[in-house]
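Each chain is listed here by its residues.
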Amino acid sequence: MSAELPDYDALKGMSLQTFAASALFERTFDEGMELVEECARYLDGRGRDESRALPRKIALVYAGESMRVTTRLMQAASWLLIQRAVHEGDMTAEDAASDRYRLGAREICLGKRDDGVEQLPKKLVELLERSDSLYRRVARLDDVLFRQAEQRDGVKSQFAMLAAAFGSQADG
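All residue numbers here refer to positions counted from 1 along the written sequence of the relevant chain. Selection of residues for local features in this predicted model requires a pLDDT of at least 70, selection of side-chain atom pairs for listing and counting requires 80 or more, and totals for whole chains, interfaces and linings are taken over all residues. Side-chain metrics in this entry use all non-hydrogen atoms of the structure; hydrogen atoms and water are not considered.

A. Quick peek at the overall build of the protein chain. Along its length, the protein chain carries 8 helices and 0 strands. Secondary structure elements of the protein chain occur, N-terminal to C-terminal, as α-α-α-α-α-α-α-α. Going through the 172 residues of the protein chain one by one, you find that 39% of them count as buried. Of all intrachain contacts in the protein chain linking residues separated by at least 6 positions in sequence, the fraction that spans at least 24 positions is 80%. In the form shown here, the protein chain has an accessible surface area of approximately 10400 Å², with 53% of it arising from carbon and sulfur atoms. A run of H or I in DSSP becomes a helix once it reaches four residues, and a run of E becomes a strand once it reaches two; helices and strands are each numbered from the N terminus. Each residue is assigned to one of three classes by its accessible area relative to the maximum for its type, calculated with a 1.4 Å probe on protein chains only: buried under 20%, partly exposed between the two thresholds, exposed over 50%. Only heavy atoms enter the contact rule, under which two residues are in contact if any of them lie within 4.5 Å. Accessible surface is estimated by sampling points in the Shrake-Rupley manner with a 1.4 Å probe; for residues, cover comes only from the protein chains shown.

B. Molecular detail of helix H3 (residues 23-44). A rise of 1.5 Å per residue sets the reference length of H3, with its 22 residues, at 32 Å; its end C-alpha atoms lie 32 Å apart and thus fit the reference within 8%. Along H3, the residues that are buried comprise Leu24, Phe25, Thr28, Phe29, Glu31, Gly32, Leu35, Val36, Glu38, Cys39, Tyr42 and Leu43. The length a helix should cover is 1.5 Å for every residue beyond the first.

C. Quick peek at the nonpolar core. Counting 44 residues, the largest nonpolar core has Phe19, Val69, Trp79, Leu120 and Leu124 as the members making the most contacts within it. Elements with a minimum of two residues in this core: helix H1 (8-11), helix H2 (16-20), H3, helix H5 (56-87) and helix H8 (122-166). In this structure, Leu124 is in contact with Tyr42, Leu43, Tyr62 and Val69, ignoring residues within four places of it in sequence. By nonpolar core we mean a set of buried residues, namely Ala, Val, Leu, Ile, Met, Phe, Trp, Tyr and Cys, connected to one another through side-chain atoms within 4.5 Å.

D. Quick look at the environment of Leu128. Its place among the elements puts Leu128 in helix H8. When the C-alpha positions of Leu128 and Glu65 are compared, they lie 7.6 Å apart, and in sequence the two are 63 residues distant.

E. Local environment of the side chain of Gln83. Among the structural elements, Gln83 can be located in helix H5. Looking at Gln83, the relative accessible area reads 0%, which means it is buried. Throughout this description, a polar contact denotes any pair of N or O atoms lying within 3.5 Å of each other; where both atoms belong to protein, one of them has to be capable of donating a hydrogen while the other can accept it, and for residues adjacent in sequence the pair is counted only when both atoms sit in side chains. From its side chain, Gln83 meets the backbone oxygen of Trp79 in a polar contact 3.0 Å long. The residues contacting Gln83, other than those within four sequence positions of it, are Leu16, Ala20, Phe25 and Phe146.

F. Seen up close, the packing of aromatic side chains. Here a pair means two rings of Phe, Tyr or Trp (six-membered ring of Trp) with centres within 6.5 Å. Their orientation is stacked below 30 degrees between planes, edge-to-face above 60, and tilted elsewhere. Using the criterion set out here, one finds 4 aromatic pairs in the structure. With a centroid separation of 5.5 Å and 75° between ring planes, the pair formed by Phe19 and Phe25 is classed as edge-to-face. Pair check on accessibility: Phe19 and Phe25 agree, each one buried. The structure contains a cluster of three or more aromatic residues connected by ring pairs, namely Phe19, Phe25, Phe29, Trp79 and Phe146. Directly above the ring of Phe29 sits Arg84, whose terminal nitrogen or CZ lies 3.8 Å from the centroid. Note on criteria: charge over ring means Lys NZ or Arg CZ within 6 Å of the ring centre, with the direction from the centre no more than 35 degrees off the ring normal.

G. Up close: the pattern of salt bridges. Whenever Lys or Arg places a side-chain nitrogen within 4 Å of a carboxyl oxygen from Asp or Glu, that contact is recorded as a salt bridge. Inspection of the entire model under this criterion finds 17 salt bridges. Arg113 serves as the salt-bridge partner of Glu129, at 3.9 Å between the closest nitrogen and oxygen. Here Glu129 is found in helix H8, whereas its partner Arg113 is found in the loop between helix H7 (106-109) and H8, with 16 residues between them in sequence. Accessibility expressed as a relative area gives 46% for Glu129, which makes it partly exposed. One salt-bridge network, held together by shared partners, links Glu38, Lys123, Glu126 and Arg130.

H. Structural context of H5. Compared with the 46 Å implied by 1.5 Å per residue over 32 residues, the 47 Å span of H5 between its first and last C-alpha is a close match. Positioned one or two residues after H5, Gly89 has a phi angle of 80°, which is positive.

I. Region of the structure containing the environment of Val86. As for its placement among the helices and strands, Val86 is situated in helix H5. The spatial distance from the C-alpha of Val86 to the C-alpha of Ala21 is 9.9 Å, given a sequence separation of 65 residues. Those residues in contact with Val86 that lie beyond four places of it in its chain are Leu16, Gln17, Met91, Thr92, Ala93 and Ala96.

This is how it looks when you write it as C-alpha cells:
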C-alpha cells in the first residue's frame, strides 16, 4: 500500500460524478471492499479462535475493538457504495449529499483505543490500523467533497445576514 496521500486540494470543487470516475476513487473503493472481506474472514474464522484463547479482560477489549473495526469498515463501505451509485446513475449527487448518506459514527470510529490493544492478536491490530487509515481517508474525502461546500454556503449566509442587518455598503 502506498504511503502517498491524495491531493485533497485538487478535489475541492470537483463534482461527485468526476470524483467517482477517478482513479483515486477506484483505488479507495477496491481497497475498502477488499478490507471488508478480509476482516469478515478473519473475525469469522481465525479471529474467533484467537479470541477464545485470550484472558477475560483482553477478550473484552477484543470484543470492543472488533466492533470498532466492523463499524469503521461498514461506514466506509456504505459511503463508497453511495459514491459508486452516483457514478452509475442510480442516485443523484444531491441525494448523496444529504446527511442520511454521509459518513457517520465518527465518535466511535475515531475514538481512543482501549487499554490492552497491544495484547490483542497481531492480525486484529493490523486490521484496526488499516481500517483506521481507510476511515480517516474517507472522512477527509467526505469533508472535502461535502462539508467544505456546506461551510462555504454557511459563511455566505452569515455575510448576507450581516449585510441585511447593517447595510451592504461600508460607511467610511
